[in-house]
Amino acid sequence: STGGSILTGVQRNLSTEPFDVVQVLLNGPIESEQDAGLRSAIPASTELLSARYVASDLVRVDLSSDIFQATGDDLVSSVAQIVLSLCDIPGIQRVIIVVNGQVNEWPKGDGSLTSQPLTAFDFPGRAISSQPAFPAVIEVQTE
């Protein structure tokens, strides 16, 4: 419904340190994931400068300017990959992404731009949910 790429999670055995999680994202899919047709929207040349907590629920990620090699839907997907992956770490609810230490505006799932911290709720419909679909509510007419 977003008209964009749909993200899917993969299981990896790694720490829940924000730096490690983002570095794995930047490394891209492993061979078996590539064989399954998965790719990363994050440009391969993007470097992680830092990823650290700045509050108990907020992580600041500093990337190289190579992230801007992604444009359009790939940029939205790149940002969503980072935000959704970090928000899977217990306690993290917000992510701010900077480039070479500078604050930037980032696209949310609806195409609007923000320089504020991003949350998983900024990318509705971007990720395949592990939650089952809710059954429809049907109103029964009684006479």
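The shown structure was predicted, so the numbers you read here are calculated from the model rather than taken from an experiment.

Examining the packing of aromatic side chains
Any pair of aromatic rings gets described here by the distance separating the centres and the angle formed by the planes.
Next up, step 1: Applying the stated rule across the entire model yields one aromatic pair.
Next up, step 2: Ring centres of Phe-68 and Trp-106 lie 5.4 Å apart, and the angle between their planes is 10°; on these two criteria the pair is classed as stacked. Within this pair, whereas Phe-68 is found in the loop between strand 2 (58-63) and helix 3 (72-87), its partner Trp-106 is found in strand 5 (residues 106-107), the two being separated by 38 residues in sequence.
Next up, step 3: Overall, Trp-106 belongs to the buried group, its relative accessible area being 2%.

Side note on the confidence of the model for the chain
Regions with low pLDDT carry predicted coordinates that are not meant to be interpreted in detail.
Next up, step 1: Looking at the chain as a whole, the pLDDT averages 84, with 80% of positions reaching at least 70.
Next up, step 2: Per-element averaging of pLDDT across the chain places helix 2 (residues 31-35) at the bottom with 84 and strand 2 at the top with 98.
Next up, step 3: Note on residues 129-133: pLDDT under 50 across the span, and zero contacts to partners over four residues away in sequence or across chains.

So, the packing of helix 1 (residues 18-27) against helix 3
Next up, step 1: Two elements in contact, helix 1 and helix 3, have axes separated by 10 Å at closest approach and are oriented at 140°. Taken together, the axes of helix 1 and helix 3 are oblique relative to one another. In the packing of helix 1 onto helix 3, the handedness of the crossing is right-handed. Contacts from Pro-18, Val-21, Val-22 and Leu-25 of helix 1 reach helix 3 at Gln-81, Ile-82, Ser-85 and Leu-86.
Next up, step 2: Within the contact of helix 1 with helix 3, the residues separate by chemical class into six nonpolar, two polar and no charged.

Details of the nonpolar core
Next up, step 1: In terms of nonpolar packing, the biggest core is built from 29 residues, with Val-61, Leu-63 and Leu-86 touching the most fellow members.
Next up, step 2: Going through the elements one at a time, helix 1, strand 1 (48-55), strand 2, helix 3 and strand 3 (94-99) are the ones with two or more residues in this core.
Next up, step 3: Counting residues per element, this core draws most heavily on helix 3, at nine residues.
Next up, step 4: Excluding its chain neighbours within four sequence positions, the residues that come into contact with Leu-63 are Val-22, Leu-26, Thr-46, Glu-47, Leu-48, Leu-49, Ile-82, Ile-97, Val-98, Val-99 and Asn-100.

What counts and how
Residues numbered from 1 in each chain as written. Predicted model: local features only at pLDDT ≥ 70, side-chain atom pairs only at ≥ 80, totals over all residues. Heavy atoms only, no water. Phe/Tyr/Trp six-rings, centres within 6.5 Å; stacked < 30°, edge-to-face > 60°. Helix = DSSP H or I, 4+ residues; strand = E, 2+ residues; numbered from the N terminus. Buried < 20%, exposed > 50% of the residue type's maximum accessible area, 1.4 Å probe, protein only. pLDDT = per-residue confidence, 0-100. Contact = heavy atoms within 4.5 Å. Axes fitted to C-alpha atoms, helices over the stretch in contact; angles between N-to-C directions. Parallel < 35°, antiparallel > 145°, perpendicular 65-115°, else oblique. Left-handed = near helix turned anticlockwise from the far one by under 90°. Nonpolar A, V, L, I, M, F, W, Y, C, P; charged D, E, K, R; others polar. Core = buried A, V, L, I, M, F, W, Y, C linked by side-chain atoms within 4.5 Å.

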